[in-house]
Amino acid sequence: LSAEGGKEIELPLLLQSCLKHLESYYALLKTDFEKILGEWREFSAILGRQVRVSSLGEALEGVATDVDKQGALLLKVSSGEVKTVRTGDLFILK
C-alpha cells in the first residue's frame, strides 16, 4: 500500500477504519439490506455485461442483469429466460 499511495500507511489505523466500515455494513445487513443492494448494484463491475458462469459442471452464458434480495446473480440467457445463479466461477466475456 505504501508503494502505491506514495506514503507510509499506519496499519493499525487502516485496520481500525476497515473494521469500522465493516461494522456499519453489518448493522445495515440487519436493518436496511436494500441500501447494501443499492451500493452493490452501483459499484458492480459485472451488471450489464456478458458473462459466463460455471458451477457444478454446468456453464451458463448471458447478461448479468441484477442481484436479488438474497444476493444471487440474475442472468438473462439467450432464450430471454432469467436464471438465478447462487454459486459458481464467473468470467466476464465482453
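This text goes with the structure placed above it.
Now for a look at the structure at hand. (Residues numbered from 1 in each chain as written. Predicted model: local features only at pLDDT ≥ 70, side-chain atom pairs only at ≥ 80, totals over all residues. Heavy atoms only, no water.)

Moving on, we come to unusual backbone geometry. Here Leu56, not a glycine, exhibits a phi torsion of approximately 50 degrees, which is positive. When its relative accessible area of 86% is taken as the criterion, Leu56 is described as exposed. (Buried < 20%, exposed > 50% of the residue type's maximum accessible area, 1.4 Å probe, protein only.)

On to the sheet that holds strand 3 (residues 73-76). Taking strand neighbours across the sheet as the criterion, the five strands line up as 4-3-2-1-5 in an open arrangement whose pairing is antiparallel. Two strands bound the open sheet, and with one partner strand each, they are strand 4 (82-85) and strand 5 (89-92). On average, adjacent strands in this sheet sit at an angle of 45 degrees to one another, irrespective of strand direction. As paired strands, strand 1 (residues 50-55) and strand 2 (residues 58-67) are joined by six bridges and run antiparallel to one another. The partner of Val51 across the bridge, within strand 2, is Gly62. (Pairing = 2+ DSSP bridges. Helix = DSSP H or I, 4+ residues; strand = E, 2+ residues; numbered from the N terminus. Axes fitted to C-alpha atoms, helices over the stretch in contact; angles between N-to-C directions.)

Attention shifts here to the pairing of strand 2. Between strand 1 and strand 2, which pair antiparallel and follow one another directly, the connecting turn spans two residues, one of which, Leu56, has a positive phi of 50 degrees. Here strand 2 runs beside strand 3; their pairing, made up of four bridges, is antiparallel. Across the sheet, the residue bridging to Ala64 is Leu75, located in strand 3. Counting the residues in the hairpin turn of strand 2 and strand 3 gives five residues, including Gly71, whose phi is positive at 90 degrees.

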